[in-house]
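Topology and contacts: notes
Each chain, letter by letter, is given below.
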Amino acid sequence: ALAAGHSAALTEVQWGLPAIGAVLLSCVVGIAISYAGFNLRKLLSATSFTVVGVVCKIFTVLINDVIWTQHSNGIGHLGLFVCIAAGFVYEKVKKPGSNLCA
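Now for a look at the structure at hand.

Basis of the calculations
Residues numbered from 1 in each chain as written. Predicted model: local features only at pLDDT ≥ 70, side-chain atom pairs only at ≥ 80, totals over all residues. Heavy atoms only, no water. Helix = DSSP H or I, 4+ residues; strand = E, 2+ residues; numbered from the N terminus. Buried < 20%, exposed > 50% of the residue type's maximum accessible area, 1.4 Å probe, protein only. Contact = heavy atoms within 4.5 Å. Areas by Shrake-Rupley, 256 points an atom, 1.4 Å probe, with all protein chains shown as cover. Patch = residues over 30% accessible without salt bridge, like charges linked within 9 Å, V, L, I, M, F, W, Y side chains within 5 Å. Salt bridge = Lys/Arg side-chain N within 4 Å of Asp/Glu carboxyl O. Axes fitted to C-alpha atoms, helices over the stretch in contact; angles between N-to-C directions. Left-handed = near helix turned anticlockwise from the far one by under 90°. Nonpolar A, V, L, I, M, F, W, Y, C, P; charged D, E, K, R; others polar.

1. Overview of the overall build of the protein
Each helix and strand in the protein was counted, giving 4 helices and 0 strands. Of all 102 residues assigned to the protein, the portion counted as buried reaches 9%. Taking the intrachain contacts of the protein between residues at least 6 apart in sequence as the baseline, contacts between residues at least 24 apart amount to 36%. For the protein, the accessible surface area stands at approximately 8,200 Å², while carbon and sulfur atoms represent 73% of it.

2. Focus: the environment of A46
With respect to the element layout, A46 can be found in helix 3 (residues 46–67). By relative accessible area, A46 is classed as partly exposed at 43%. Along the backbone, A46 and E91 are 45 residues apart, and their C-alpha atoms lie at a distance of 9.8 Å.

3. With respect to a nonpolar patch on the surface
A cluster of nonpolar residues, L10, V13, W15, I20, V23 and L24, forms a patch on the protein surface that exposes about 530 Å² of accessible area. Top element by residues in the nonpolar patch is helix 2 (residues 17–43). It accounts for 3 residues. Assignment of secondary structure puts V13 in the loop between helix 1 (7–12) and helix 2.

4. Side note on the side chain of H77
Mapped onto the secondary structure, H77 falls in helix 4 (residues 74–94). The class for H77 is buried, based on a relative accessible area of 17%. Residues contacting H77, with those up to four places away along its chain left out, are V61, D65 and S72.

5. Some details on the packing of helix 2 against helix 3
Packing of helix 2 against helix 3 brings their axes to within 8 Å, and their N-to-C directions diverge by 140 degrees. Taken as a pair, helix 2 and helix 3 cross one another with a handedness that is right-handed. Along the contact surface, helix 2 presents G37, L40 and R41, while helix 3 presents A46, F49 and V52. Considering only residue class, the contact of helix 2 with helix 3 consists of 4 nonpolar, 1 polar and 1 charged.

Structure below.
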């Protein structure tokens, strides 16, 4: 709001207990997601970590499709699934002893 020049909107918000709780919960969840991401990055290769991130995008896209009317079209969904499939194939190919190319 501040960057867009809508600072007056912040003064109009009624900061009751539910609003403060929602902001605090959002902060806690954001920190937890960040912490989990750093820990997961230690356990996985860069490609696997990227694939996990893209798979999370599927859930975001599906939730967006259910909740709002302005969402990606079929071509966007197809592109997302092609990227995910390519990531899985790439991860299988680069593992030692993989029979995918044989």
